[in-house]
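Per-entry structural report
Each chain, written out:
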Amino acid sequence: MSNPIPFSEYRSLSDEACQARILAAKASLGKRLVILGHHYQRSDVFQHADFTGDSLKLSRLAANSAADYIVFCGVHFMAEVADILSRPEQISILPDLAAGCSMADMATLARVERAWRELKTVCDPDATFTPVTYINSAADLKAFCGEHGGIVCTSSNAPKILEWSFARRDKVLFFPDQHLGRWSGHKMGIPLEDMVLWDWDLPLGGLTPEQVRKAKIILWKGLCSVHQMFTPANIQRFRQEHPDGLVISHPECSFEVCELSDYVGSTEYIINTIAAAKPGTRWLVGTELNLVSRLAEQFKAEGKTVQFMSSTVCMCSTMARIDPQHLAWCLENLVAGQVVNRIKVPPEEAELARVALQRMLDAS
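Note that the structure is predicted; figures quoted are calculated from it, not measured.

Thresholds applied
Residues numbered from 1 in each chain as written. Predicted model: local features only at pLDDT ≥ 70, side-chain atom pairs only at ≥ 80, totals over all residues. Heavy atoms only, no water. Helix = DSSP H or I, 4+ residues; strand = E, 2+ residues; numbered from the N terminus. Buried < 20%, exposed > 50% of the residue type's maximum accessible area, 1.4 Å probe, protein only. Contact = heavy atoms within 4.5 Å. Core = buried A, V, L, I, M, F, W, Y, C linked by side-chain atoms within 4.5 Å. Pairing = 2+ DSSP bridges. Right-handed = clockwise from strand over helix to strand, strands pointing away. Axes fitted to C-alpha atoms, helices over the stretch in contact; angles between N-to-C directions. Salt bridge = Lys/Arg side-chain N within 4 Å of Asp/Glu carboxyl O. Expected span 1.5 Å × (residues − 1). Arc of directions from axis to C-beta.

1. Topic: the overall build of the chain
Scanning the chain from terminus to terminus reveals 17 helices and 13 strands. If one aligns the C-alpha atoms of the chain with their principal axes, the spans along those axes are about 60 × 55 × 35 Å. A burial count over the chain gives 56% of its 364 residues as buried. Taking as baseline every contact in the chain between residues at least 6 positions apart, the subset at least 24 positions apart corresponds to 67%.

Right, dumping it as structure tokens:
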């Protein structure tokens, strides 16, 4: 078998040339290929997706498809989930391996295992804490949760998953996103003072043994850099200018932003809520720019105004690394019988991660 076509041959190709070659490769591969496009993906790549949505939905759709190749236009952890949930013969591919997630990188397995060891100086964590990882995390953390009686959550089911967790153990260690954990705990009626922040750079996370004993949820000091750009001032300014306007935010936003919003929910929830709204309504949306721009265009005909929350451009810059050039490169290699950028989770890790994911699916 010949060597893969090098990416250097695509780097200087125009977007227009890439688009034509992507379409030709898709036609050649037919049902052997499925392209997944996350909501935050840039439009020149998103347009080629066979399925669009959030990461879990896309992985499940791909697993149920007849495709041999799953090309995930998202970020690394998403392609991992696709590999974990897909059939053994299916191959998961990420067009650019540099498409990562800064939030996911904040909770590494080494840091979480160290936290678990430090918690042992205060209590028996395996009897006291249910580890809960947001789906926006690496496969090895999902495996950690599978091994330690824990579970995975998404931005839409996090409160329900916390209920599942508290039914089994008194406390929760929630990572990597502190904001989703805090908002979900708040929705369950847990006081803010009973949710403490674990700083992985400090001994015992910067907490005292007494704080650990009193806490209901320990929140990992992780966050999404995109959703941290939104502020209460953005909402206050919007309400002054548009008293009848509505505010909808993703739960990865800060607690203060969520508290000031009329609606808080996942990307799918945001899309469905705006879609179901009356014509002529005006929306301020606190989530990634590509999705908001797409919604603004989609609902313009209904007289709905969809406005991005921040005056600063907030895009998922790592996901934006997947461009037409990388997509054309990986598809034309598939046509030539070569697989590039395969994402393969080690079998033992995948098995434990699947346990945590299955617990979530059963609990949801």
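The structure having been displayed, the exposition proceeds.
2. Some details on the nonpolar core
In terms of nonpolar packing, the biggest core is built from 123 residues, with Ile218 and Leu331 touching the most fellow members. Contacts of Leu331, omitting those with residues within four sequence positions, involve Ile22, Ala25, Lys26, Leu29, Leu33, Ile35 and Val71.

3. A short note on the pairing of strand S8 (residues 195-198)
As paired elements, S8 and strand S9 (residues 217-220) share four bridges and run parallel to each other. Bridge assignment links Trp198 to a residue of S9, and that residue is Trp220. This β-α-β element, S8 to helix H11 (residues 209-214) to S9, shows right-handed connectivity.

4. So, unusual backbone geometry
Pro176 follows Phe175 through a cis peptide bond whose omega is 0°. The phi dihedral of Leu204 falls on the positive side, at around 50°, and the residue is not glycine. Looking at where Leu204 falls in the secondary structure, it is placed in the loop between S8 and H11. Assessed through its relative accessible area of 13%, Leu204 is described here as buried.

5. A short note on the environment of Leu162
Residue position: Leu162 is located in helix H9 (residues 158-166). Leu162 gets classed as buried once you look at its relative accessible area, which sits at 0%. Between the C-alpha atom of Leu162 and that of Met188, which follows or precedes it by 26 residues, the distance is 8.4 Å. Apart from residues lying up to four places away in sequence, Leu162 is in contact with Val172, Phe174, Gly181, Ser184, Gly185, Met188 and Ile217.

6. As for the sheet that holds S9
With respect to topology, five strands assemble into an open sheet ordered S6-S5-S7-S9-S8, the strand pairing being parallel. At either end of the open sheet lies a strand with only one pairing partner, and these are strand S6 (151-153) and S8. Direction aside, neighbouring strands of the sheet carry axes that sit 25° apart on average. Strands strand S5 (129-134), S6, strand S7 (171-175) and S9 of the sheet are contacted by H9, whose axis makes an angle of about 160° with S6.

7. With respect to the pattern of salt bridges
Pairs may arise between side chains of opposite charge once their charged atoms sit close together. According to the stated counting rule, one finds 11 salt bridges in the structure shown. Salt-bridge contacts for Asp199 lead to Lys221; the nearest nitrogen and oxygen are separated by 3.3 Å. Of the two residues, Asp199 is situated in the loop between S8 and H11 and Lys221 in the loop between S9 and helix H12 (232-241); the sequence distance between them amounts to 22 residues. Its relative accessible area of 36% is what places Lys221 among the partly exposed residues.

8. Overview of helix H1 (residues 15-29)
Every α-helix carries 3.6 residues per turn, so stepping three or four residues along brings you back to the same face. Look at H1: 21 Å from first C-alpha to last across 15 residues, which is about the 21 Å you get at 1.5 Å a residue. Residues of H1 that are buried include every one of Cys18, Gln19, Ile22, Ala25 and Leu29, and no others. For H1, the angular spread of buried residues about the axis comes to 130°, placing them on one side. Residues of H1 that are exposed and angled more than 90 degrees away from the buried face: Glu16, Leu23, Ala27 and Ser28. Packed against the buried residues of H1 are strand S1 (33-38), helix H2 (43-46) and helix H16 (324-335). After H1 finishes, the residue Gly30 shows a positive phi value of roughly 55°.

9. Here we look at the pairing of S5
Within S5, six of the six residues are buried, which leaves the element mostly enclosed by the surrounding structure. In S5, alternate side chains face the same way, and those of Phe129, Pro131 and Thr133 on one face and Thr130, Val132 and Tyr134 on the other are all buried. In terms of strand pairing, S5 meets S7 through five bridges, oriented parallel. Each residue of the ladder has a partner; that of Phe129, found in S7, is Lys171. Of the strand pairs in this sheet, S5 and S6 are connected by three bridges, and their pairing is parallel. By the bridge assignment for S6, Val132 is matched with Ile151.

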